[in-house]
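# A closer look at the structure
As a plain string of letters, each chain reads:
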Amino acid sequence: PAEGKLTLSLADDSQPIEFTNSYDTKAEIGITANKVLPERSLEAGEFSFEIKDSAGTTVAEGSNDAAGKITFNNKLQITLGQMQGGNEEGNIVTKDFTYTVSEKEGND
């Protein structure tokens, strides 16, 4: 977690000022998966995959290595604004997000 401290002092004869504190924060979530073919060995890059958000927008793509590990090109980005409307308990906000990982068409 990030911490910060801001100290501000004005001279006695200063005009009032307005101070707005804002944050541009986001969380990055990396996803890995595995492709398993029990009947044969895999070749690197043989299968392609995608991650879609709940609106159906592709947010990451990837392919398998020879051991079956799937690495995606982008991490999922969750911003503070997307957390609005979540379940609040004290200083903790939770919210569910739905993503679908699927193999792209054209793979055997």
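Residues numbered from 1 in each chain as written. Predicted model: local features only at pLDDT ≥ 70, side-chain atom pairs only at ≥ 80, totals over all residues. Heavy atoms only, no water.

### Observations concerning the nonpolar core
In this structure, Leu37, Leu42, Phe47, Phe49, Ile51, Ala60, Ile70, Phe72 and Leu76 together form the largest nonpolar core, which totals nine residues. Listing elements by their share of this core, those giving two or more residues are strand S3 (48-53) and strand S5 (69-72). (Core = buried A, V, L, I, M, F, W, Y, C linked by side-chain atoms within 4.5 Å. Buried < 20%, exposed > 50% of the residue type's maximum accessible area, 1.4 Å probe, protein only. Helix = DSSP H or I, 4+ residues; strand = E, 2+ residues; numbered from the N terminus.)

### Considering the pairing of strand S6 (residues 76-79)
Here S6 shows a buried face lined by Leu76 and Ile78 and an unburied face lined by Gln77 and Thr79. Examined bridge by bridge, strand S1 (residues 26-29) and S6 share four bridges and lie antiparallel to one another. Across the sheet, residue Glu28 finds its bridge partner in S6, namely Gln77. (Pairing = 2+ DSSP bridges.)

### Quick word on the sheet that holds strand S2 (residues 32-34)
In a beta sheet, neighbouring strands are held together by backbone hydrogen bonds and run either parallel or antiparallel to one another. Spatially, S2-S5-S4-S3-S9 is the arrangement adopted by the five strands of the open sheet, whose pairing is antiparallel. Each edge of the open sheet carries a strand with a single partner, namely S2 and strand S9 (99-103). The sheet shows a mean angle of 25 degrees between the axes of neighbouring strands, direction not considered. (Axes fitted to C-alpha atoms, helices over the stretch in contact; angles between N-to-C directions.)

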